[in-house]
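Each chain, letter by letter, is given below.
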Number of protein chains: 2
Amino acid sequence: MRVYNFSAGPAVLPEEVLKKAASEMTEYGGSGQSVMEMSHRSKEYEAVHDNCAALLREVMGIPDNYKVLFIQGGAHMQFEMVPLNLMVKGKADFVVTGQWAGKAHSEAKKYGTANLIASSKDKTFSYIPELDSASFDKDADFFHICENNTIFGTKFKSLPETGNVPLVSDMSSCILSEPVDVSKYGLIYACAQKNMGPSGVTIVIIREDLIRDLSDTKFPTMLQYKVYDDNNSLYNTPPTYSIYMCGLVLEWVKNNGGLAAMKVKNEKKAAILYDAIDNSKMFSNPVNKPDRSLMNVTFVTGNEDLDKKFIAGAKAAGLVNLGGHRSVGGMRASIYNAMPVEGVQALVDFMKKFEEENA
Amino acid sequence: MRVYNFSAGPAVLPEEVLKKAASEMTEYGGSGQSVMEMSHRSKEYEAVHDNCAALLREVMGIPDNYKVLFIQGGAHMQFEMVPLNLMVKGKADFVVTGQWAGKAHSEAKKYGTANLIASSKDKTFSYIPELDSASFDKDADFFHICENNTIFGTKFKSLPETGNVPLVSDMSSCILSEPVDVSKYGLIYACAQKNMGPSGVTIVIIREDLIRDLSDTKFPTMLQYKVYDDNNSLYNTPPTYSIYMCGLVLEWVKNNGGLAAMKVKNEKKAAILYDAIDNSKMFSNPVNKPDRSLMNVTFVTGNEDLDKKFIAGAKAAGLVNLGGHRSVGGMRASIYNAMPVEGVQALVDFMKKFEEENA
């Protein structure tokens, strides 16, 4: 029996997507092969590859002057690639709202000046700092945010006004969760394994004027966006099966009403869970209310032993991966697109029962 | 119906492995989740991850002073990582026996002096050059070869005598095809998608004394072997499903007699195909006989139109991906471990029929 999986990533995928993948595992369409076995230079695979990119364009409404790239190495590789490719003048602005935002900031220092515009570290990243655009460097190469903070359960509800400075957003844990206006960004990146598919592929959506020719530099070839763009992300063998799976998930998103419908469902799920926390005497959510994430809901009892008992009890009840990130402890329920309302309801029911039994 | 797939990579996988993966797609073991959905920090995934590394160690007989790392980005990323990590004195020796060996050589020039010891470019890489160890740099950081040349169908049948200089081998297209003495190498790398699993993961087997601490340098964190070694290849989310699939393939190799048995079967398949070519008046193999690859068998008719007709006819008969690499044309049959003897026999039968009909 399948469990309700609240993992922050890799994370739950739609069961019907998994069933479709299983049914096509030994023979995809009329090809007589698994997608996994297809030459990446074959027409059959090219169709899978291009279909995934086209679906992402359609579902997110990506304008024509943006390119979609498939890259390996996770968001961590983007912590390197963004400054390596985008730092022309050698300076960029960063808002540090959590561990990954902090890592993006510190890695960028290898490539130039990485200004810290604001941080919420003073209160364990439990809020999104208010930003004064007067403090932004009008001449920076880019302005970086981590839009949804997976570990701490916060999200930017409005975007910084960066003017002509390209906004770069790590959307790893909120991509596809609601509609976005891609034209407001210079570059969006997201590892697939939260809301889009399995690990092993990262999506980069980049405004084409930001793609620089670095072929005369000593930068690693595999870290240059232009190499991916020039070759339709087929410079070398891409992670073909991961891309195929993302295509299946995107098809599922499209067939279920697209991002507008995802948003409605995600708001409903989040409301059920936050209401349960707010109405509880045992559980509390440490996040500044207006900054609460739709995707990652953190909560604590205030007692570490009780937290552990809750996590173990929930697991026994088929509600798994509810432990908070190893750096912060407590509980975290990641409720991505593929988590059904029933899963959140089951969690809330378990929380009530646990509270009654452990009051 | 499944075809016989002669793709050079991604390539055919054992049908029973694919069936097992399909049967576990929605629920792996008693976990109630797909492997794809598992948190990479969960005990369930850790067992999958460690099992793959342990099986590789067992099947290849990897000594204890070597580490097994799982890295993204394909062999191309190793063209960067090998010189970046291993060039201490800033010089290395290269033998260029094909396109990928050439790329490894040219990328290394970014990091130091990359000496060209020998090349077989003069005869379209149709042979492995004889090497005079007196010409090797005794003080080099490493000596690099591409052990099996996928595009041209050649293979090193003996290793260069590099003394104390660590031998680095790109084994992408010959790993697991026969037993090897790992202790003769400093570092072995191989992308998975030829003989080990799906694309998206590359195996690095490195002698532990070659792992340098580069944390104080400006080199990209994700390109430092030590970061992978220090974190059991779990510094960030690894390509979990690709690693799981490699584990299933390694289990299959083990259950089918290990590398000694693979070698016997691979020699049998190669003999059937090379004999058919050598006994044909239409087909010929351009490779110097002693240097012929067991894994990638190239052949031509000498007439481009006839080559195309052959490839199209074979495809119609269920023998697919027989076109040579786009850079060389002609035909190439990749006959990795998962290609059954029956597939090679079917190809040979088709070749005979084609020759009769087109004499």
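Look up: the structure comes first, before these words.
Reference entry: report on the structure contained in this document.

Quick notes on the rules
- Residues numbered from 1 in each chain as written.
- Chains lettered and ligands numbered in written order.
- Predicted model: local features only at pLDDT ≥ 70, side-chain atom pairs only at ≥ 80, totals over all residues.
- Heavy atoms only, no water.
- Contact = heavy atoms within 4.5 Å.
- Buried area = accessible area lost by both parts, 1.4 Å probe.
- Salt bridge = Lys/Arg side-chain N within 4 Å of Asp/Glu carboxyl O.
- Polar contact = N/O pair within 3.5 Å; in protein donor to acceptor, adjacent residues only side chain to side chain.
- Pairing = 2+ DSSP bridges.
- Helix = DSSP H or I, 4+ residues; strand = E, 2+ residues; numbered from the N terminus.
- Axes fitted to C-alpha atoms, helices over the stretch in contact; angles between N-to-C directions.
- Core = buried A, V, L, I, M, F, W, Y, C linked by side-chain atoms within 4.5 Å.
- Buried < 20%, exposed > 50% of the residue type's maximum accessible area, 1.4 Å probe, protein only.
- Parallel < 35°, antiparallel > 145°, perpendicular 65-115°, else oblique.
- Left-handed = near helix turned anticlockwise from the far one by under 90°.
- Nonpolar A, V, L, I, M, F, W, Y, C, P; charged D, E, K, R; others polar.
- Disulfide = S-S within 2.5 Å.
- 1 Å grid on protein atoms, 1.4 Å probe; cavity = no way out; pocket = protein on both sides within 12 Å on 5 of 7 lines; lining within 4 Å.
- Points joined across faces, edges and corners; volume = space filled by probe spheres on them.

All right, on to the interface of chain B and chain A then. For an interface, size is often stated in terms of accessible area lost upon the parts coming together. The partner chain A presents 64 residues to the 64 residues of chain B that form the contact. Of the roughly 4,900 Å² buried between chain B and chain A on both sides combined, carbon and sulfur atoms contribute 54%. When the buried area of chain B at its contact with chain A is split by residue, M36, E37 and K110 of chain B rank highest and sum to 13% of it. Connecting chain B to chain A are four salt bridges. Across the pair E44 of chain A and K315 of chain B runs a salt bridge, and its minimum N-O distance is 3.6 Å. Counting every contact that joins chain B to chain A gives 35 residue pairs in polar contact (both at pLDDT 80 or more).

This part covers the sheet that holds strand β3 (residues 91–96) of chain B. All names here are of chain B. In spatial order, the strands read β2-β10-β9-β8-β5-β3-β4; together these seven strands make up an open sheet with mixed pairing. Of all strands in the sheet, those bounded by a partner on one side alone are β2 (66–71) and β4 (113–119). Each strand of the sheet is rotated relative to its neighbour by a mean of 20°, with strand direction disregarded. In terms of strand pairing, β2 meets strand β10 (residues 202–207) through six bridges, oriented antiparallel. Residue I71 lies in a different strand from β10, and its bridge partner there is T202. Contacting β2 and β10, helix α2 (residues 43–60) crosses the sheet at an angle of about 130° to β2.

To continue, consider the nonpolar core. Core analysis: the largest hydrophobic core is formed by 115 residues, its most contacted members being L56, I205, Y241 and M245 of chain A together with L56, Y241 and M245 of chain B. Each residue touching Y241 of chain B, except ones within four places of it in the same chain, is listed here: M25, M36 and Y241 of chain A together with A21, M25, V35 and M36 of chain B. M81 and L86 of chain A together with F142 and V168 of chain B belong to the second largest nonpolar core, which has 62 residues in total.

Turning our eyes to something else, we now look at the packing of helix α8 (residues 304–316) of chain B against helix α9 (residues 341–357) of chain B. All names here are of chain B. Here α8 crosses α9 at 130°, and the two axes come no closer than 11 Å. Taken together, α8 and α9 sit at an angle that is classed as oblique. Crossing angle aside, the handedness with which α8 passes α9 is right-handed. Residues L306, K309, F310, G313 and A314 of α8 form the contact with α9, whose participating residues are L347, F350, M351 and F354. Of the residues assigned to the contact of α8 with α9, the class counts are seven nonpolar, one polar and one charged.

Glancing now at the state of the cysteines. All names here are of chain A. A complete count under the given rule lists zero disulfides over all chains for this structure. With no disulfide of its own, C52 lies 5.2 Å from the sulfur of C246, the closest cysteine sulfur. Sulfur of C191: no disulfide; nearest cysteine sulfur belongs to C146 and is 9.7 Å away. Overall, the relative accessible area of 4% leaves C191 in the buried class.

Before going further, it helps to spend a moment on the layout of surface pockets. Within this model, the second largest pocket holds a volume of roughly 930 Å³. Lining the second largest pocket we find 42 residues, and of these S39, H40 and R41 of chain A together with H325 and R332 of chain B sit closest to its centre. Breaking the lining of the second largest pocket down by element, the ones donating at least two residues are α2 (43–60) of chain A together with α3 (74–86), α8 and β12 (319–320) of chain B. Considering only residue class, the lining of the second largest pocket consists of 14 nonpolar, 20 polar and eight charged.

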